[in-house]
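# Architecture and fold: a report
Chain by chain, the residues run as shown.
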Amino acid sequence: MKFLVLGFAREMLGRWGLLLLTAAIFTAAQLSFDAQLGDASLGSYLAYISLWAVVLLFRCGWVLQRRRAAGWPLEEQLRDPHGYRAPLAEFLACALLMAFGFLAALVPLGTLPLELPQDDVALYPVRCQIENDQTWVFELEGRVPSGSELLLTIDWSAGSPAKQELPITNHAGNAHNATAGEIFHWPLSPAELAAGRVSLSPPMGAGLRVFQPLARLQVPRPGVHLLLRLLGAQLLFFLPLLALLLALARFGRIHASLAAWAVFCLGSLVAYRPPPRLADAGLGLLAKTVLLCKQALPAVEGLATSGHRFERLVGTTTLPAIALWLMLGTLALLLACKRRKPR
Amino acid sequence: MNAIKPHIFTLVVAIWVGFVSLCLLLQTFTPLGSEATNSARSWWTARRFQQADAEQDLLGLRDFGAAYLSRTGDGTLLDFAIYQIGFSASGPSMFRHPSDALDWALIGSEAGDSYLSVLPAPWPTLQTQAHILVERAFPLSHNPAHLANGLEALSQWMASGGGPNQASSLTSAGYREFLATALDDRPTYLLLRLSGESALESHESDR
Amino acid sequence: MSANPILQFEQLVLSRGKQRVAGPLDLSLMAGERGLVSGANGSGKTTLVLAIAGLIKPTSGRLERPARIGLVPQEPDFPLHLSCHSYFQQLLGLGGRDHSSGSTTNKSTSSNQQLSQALQLFGLEDVAKRPIGELSRGWRQRLNLARGWLSEPSLLILDEPQTALDPDGMAALTAALASLRQTAVLIVAPAGVGCQNLAPLVLDLSGGRV
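As a starting point, this report considers the structure included with it. Because the structure is predicted, anything quoted here is derived from the model rather than measured.

## A closer look at the overall build of chain C
If you tally the helices and strands in chain C, you get five helices and eight strands. Listing each helix as α and each strand as β along chain C from the N terminus yields β-β-β-α-β-β-α-α-α-β-α-β-β. Burial status across chain C gives 51% buried among its 210 residues. Of all intrachain contacts in chain C linking residues separated by at least 6 positions in sequence, the fraction that spans at least 24 positions is 72%. Carbon and sulfur atoms form 47% of the exposed surface of chain C, whose accessible area is close to 9,400 Å².

## With respect to the sheet that holds strand E2 (residues 19-29) of chain C
Residues and elements named next belong to chain C. In space, the three strands of this open sheet follow the order E2-E1-E4, with antiparallel pairing throughout. The two strands at the open ends of the sheet, each matched to only one other strand, are E2 and strand E4 (60-64). When strand polarity is set aside, the average angle formed by the axes of neighbouring strands in this sheet is 25°. Here four bridges tie strand E1 (residues 7-16) to E4, and the two strands are oriented antiparallel to one another. Each bridged residue has a counterpart across the sheet, and for Glu10 the counterpart in E4 is Arg62. In this fold helix H1 (residues 45-52) packs onto E1, E2 and E4, with an angle of close to 120° to the strand it touches most, E1.

## A word on the interface of chain A and chain C
Each side of the interface is counted separately: chain A has 24 residues, and chain C has 29 residues. Surface buried jointly by chain A and chain C totals about 2,300 Å² across both partners, of which 58% is contributed by carbon and sulfur atoms. With its nearest N and O atoms 3.3 Å apart, the salt bridge here joins C:Arg147 to A:Glu75. Counting the contacts that link chain A with chain C gives six residue pairs in polar contact (both at pLDDT 80 or more). Every element with two or more residues in the side of chain A that touches chain C is listed here: helix H1 (2-13), helix H3 (42-69), helix H4 (72-79) and helix H5 (85-104) of chain A. Counting residues per element, the side of chain A that touches chain C draws most heavily on H4(A), which supplies seven residues.

## Observations regarding a nonpolar patch on the surface
All names here are of chain A. A surface patch of nonpolar side chains, amounting to about 250 Å² of accessible area, comprises Met1, Leu92 and Leu96. Looking at the element boundaries, Met1 is found in the segment before H1. Residue classification places Met1 among the partly exposed positions, given a relative accessible area of 31%.

## Regarding the pattern of salt bridges
All names here are of chain A. All told, the structure shown has 15 salt bridges over all chains when counted by the stated rule. Residue Glu301 is joined to Lys294 by a salt bridge in which the shortest nitrogen-to-oxygen separation is 3.1 Å. As far as burial versus exposure is concerned, Glu301 and Lys294 are alike and both buried. Because the salt bridges share partners, they merge into one network encompassing Glu11, Arg66 and Arg67.

## Observations concerning the arrangement of the chains
Between all two pairs of chains that are in contact, chains A and B come out with the most contacts. Note that chain B does not reach chain C: the shortest distance linking a C-alpha of one to a C-alpha of the other is 11 Å.

## Focus: the nonpolar core
A:Tyr45, A:Phe237, A:Phe238, A:Leu241, C:Phe88 and C:Leu158 are the most contacted members of the largest nonpolar core, which totals 122 residues. If sequence neighbours within four positions are ignored, C:Leu158 has contacts with C:Val72, C:Leu145, C:Leu173, C:Leu177, C:Val185, C:Leu186, C:Ile187 and C:Val188.

## Regarding the side chain of C:Ser154
Mapped onto the secondary structure, C:Ser154 falls in the loop between helix H4 (137-149) and strand E6 (155-159). The contact partners of C:Ser154, leaving out residues within four places of it in the chain, are C:Ile6, C:Pro66, C:Arg68, C:Gln182, C:Thr183 and C:Ala184.

## Digging into the interface of chain B and chain A
In this assembly, 56 residues from chain B lie in contact with 56 residues from chain A. Between chain B and chain A, roughly 4,700 Å² of surface is buried when both sides are summed, and carbon and sulfur atoms account for 69% of that area. Among the residues of chain B in contact with chain A, B:Trp16, B:Leu32 and B:Trp43 are the three that bury the most area, contributing 15% of the side total. At the junction of chain B with chain A, the criterion picks out zero salt bridges. Of all the secondary-structure elements, those providing two or more residues to the side of chain B that touches chain A are helix H1 (5-25), helix H2 (34-54), helix H3 (58-72), helix H6 (123-141), helix H7 (144-159) and helix H8 (169-180) of chain B. The element contributing the most residues to the side of chain B that touches chain A is H1(B), with 13 residues. In terms of residue class, the side of chain B that touches chain A is made up of 34 nonpolar, 16 polar and six charged.

## As for the sheet that holds strand E1 (residues 120-125) of chain A
All names here are of chain A. Spatially, the four strands line up as an open sheet ordered E1-E11-E4-E8, and their pairing is antiparallel. Looking at which strands have only one partner, the edges of the open sheet turn out to be E1 and strand E8 (184-187). Mean inter-strand twist for the sheet, computed between neighbouring axes without regard to direction, equals 30°. Relative to E8, strand E4 (residues 149-152) runs antiparallel, the two being bridged by four bridges.

## Looking at the environment of A:Pro298
All names here are of chain A. Structurally, Pro298 is set in the loop between helix H11 (285-296) and helix H12 (319-337). Each C-alpha atom of the pair Pro298 and Ser50 lies 20 Å from the other, and the pair is 248 residues apart in sequence. When residues no more than four places from it in sequence are discounted, the contact partners of Pro298 are Val270, Ala321, Leu324, Trp325 and Leu328.

## A few points about the packing of H7(B) against H8(B)
All names here are of chain B. Relative orientation of the contacting elements H7 and H8 amounts to 120°, with a least axis distance of 8 Å. If you check the angle between H7 and H8, you find them oblique. Crossing angle aside, the handedness with which H7 passes H8 is left-handed. For the pair formed by H7 and H8, the contact residues are Ser155, Trp157, Met158 and Ala159 on the first element and Thr171, Gly174, Tyr175 and Phe178 on the second. Class assignment for the residues of the contact of H7 with H8 results in five nonpolar, three polar and no charged.

## Considerations on the pairing of strand E7 (residues 184-189) of chain C
All names here are of chain C. Extensive coverage of E7 is indicated by the burial of six of its six residues. The alternating pattern of E7 places Ala184, Leu186 and Val188 on one face and Val185, Ile187 and Ala189 on the opposite face, and all of these are buried. Taken together, the five bridges between strand E3 (residues 34-38) and E7 define a ladder with parallel strand orientation. Within the sheet, the bridge partner assigned to Leu36 lies in E7 and is Ile187. For E6 and E7, the ladder comprises five bridges, and the chain directions are parallel. When the sheet's bridge partners are listed, Leu158 is paired in E7 with Ile187.

So, how was this worked out
Residues numbered from 1 in each chain as written. Chains lettered and ligands numbered in written order. Predicted model: local features only at pLDDT ≥ 70, side-chain atom pairs only at ≥ 80, totals over all residues. Heavy atoms only, no water. Helix = DSSP H or I, 4+ residues; strand = E, 2+ residues; numbered from the N terminus. Buried < 20%, exposed > 50% of the residue type's maximum accessible area, 1.4 Å probe, protein only. Contact = heavy atoms within 4.5 Å. Areas by Shrake-Rupley, 256 points an atom, 1.4 Å probe, with all protein chains shown as cover. Pairing = 2+ DSSP bridges. Axes fitted to C-alpha atoms, helices over the stretch in contact; angles between N-to-C directions. Buried area = accessible area lost by both parts, 1.4 Å probe. Salt bridge = Lys/Arg side-chain N within 4 Å of Asp/Glu carboxyl O. Polar contact = N/O pair within 3.5 Å; in protein donor to acceptor, adjacent residues only side chain to side chain. Patch = residues over 30% accessible without salt bridge, like charges linked within 9 Å, V, L, I, M, F, W, Y side chains within 5 Å. Core = buried A, V, L, I, M, F, W, Y, C linked by side-chain atoms within 4.5 Å. Nonpolar A, V, L, I, M, F, W, Y, C, P; charged D, E, K, R; others polar. Parallel < 35°, antiparallel > 145°, perpendicular 65-115°, else oblique. Left-handed = near helix turned anticlockwise from the far one by under 90°.

What follows is the structure, encoded as structure tokens:
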């Protein structure tokens, strides 16, 4: 088994794989964190590193197809009575390479003189609807990471000058005081985080107005010390895709590079987060179908989040969704190991 | 039948790949890894912004700042561009013709207006806009709408206490003073406040 | 030597689609025995090989075959970018031997021994580290034989093994076959190509019986 895993890993890497990976990681670190050149974004670094997993998916498809052409299926059929050794070795080799690339991504952060981002917050514009003078409704576009707050700039100019501190309540009856001349912070409750919608009411007759264009959602931005955990989440996202690739190529007996494309397409759909406004708008058939497909899949886009706005999705994936996603991956791996009867 | 099954399966998968690839091509949604491309493009946009700054290409500053905002959600470059275009370029130190100076002030102010609702931290932009409209545009145009809009922007900025990151007790106290002022005297209060700020800023820069 | 036959088939009929290709056939091979299946082109030799290897289902009849089969196909495919050494290592990793007992170290040592033995027996030691793609047709045929022999199968099927072998290669093949005391060997070749010396039992597909 050891030789199988090593052999497949070596084929995956090819002659220049390690060298290219090293160069790519160091370039990514420079682009993301260099004091002069970098854009000081952990999400950006995460985006570059997650490309490694995408490349491995396609490379895996290519190597599987090359092995098929080189007569491996016959040898497997003759030598492995149960048929699980080769698929398991392929899965393990790819998983280990993925993990290796992700771990290697930590190296430049400890060795190069970089300006690493610390814990911070990110702000996002929020859609605000004024249902009436008594209710402000804020749409947060899906689940929100815990620790998020709503920041409101409130106009007190129509109220009584004597009242410069007033309570604002949500529909559950929770209240926080707003002070004139200060941003109003509303920490989101677990229910509000999950629903992605907040409904607030100012005191009746107080004359408070919210400046709608200035309503913002404040999300905690993870520091670089959380990179390992974020990469672990990426691994959880990509491993089931890898298992699915093996299942399609082995059990489905389709061209392995086509299987890699299919899995890439599925991963893209899973990682995609449609803006909620899409559901309201009059959509084309294509977009509606995409939306339907997306809704049928586990909501694990938070695991694969990267890029400059990555903090908006980090930590929004629920445990049942992760469990379902991993279960699908396990099922796919079992299928990949299942040998089909000779025709 | 057994021999046909794999071909049907290939066909199904090929249709799936074709459908999703079409959606990706039509940008109905984005492919895995597109964030890396976006990051690389935003990095390049930031470099071009720096180049535009070095070359004093003011419209380039605005455009690259806006492109950077849409790619990254980071508005600091656009904020800087608005200040450069609306305030610095329209200032006396630029020795421009007054009509040029007014044009630049209005371009800066319009940029602030159009991006206010999408900037992640819009509060400093409000303050910049107040300075642009009251101290640059109004003296050149004598248009009362410029003055009114500038003071409105300032009152919004004061209502936020300067924003969450630049929160200042002075600004908060100032807003409470503003609320305590009679309605008719509020514009005058804001004007005084703005000129006080400018005096303080120039004193700081002299030091 | 076991008293039970390693390979046995009775009244075996093979078809491709609706067309009968060969049969009814009868054969029984004990451990250490060598059989030759001969016949003209299109007489169903390759179909028989595939059926014995478990790659196609017989139409009717009884077929008893061992779990561990080594196959030396007529037109082999190889991963041309790999070296023989690396390829064989991975093939050994696929299994085919009894791994139910013994420590990891023992398994590893046994694998290494088997690998060296295969390379030595078929004279592949000098080319073991070279990519397979760089080897000539003759060397690849030796490699093909070594691959079938590797991991000590209970039954070794050779489909026209003499193809592309020079006298040295034939000598290596003869020596290798002689060393297989626990393995039944089935050679498939057209009549009159000089394989009769390798196997005393002959199954003529036109007759269908030994």
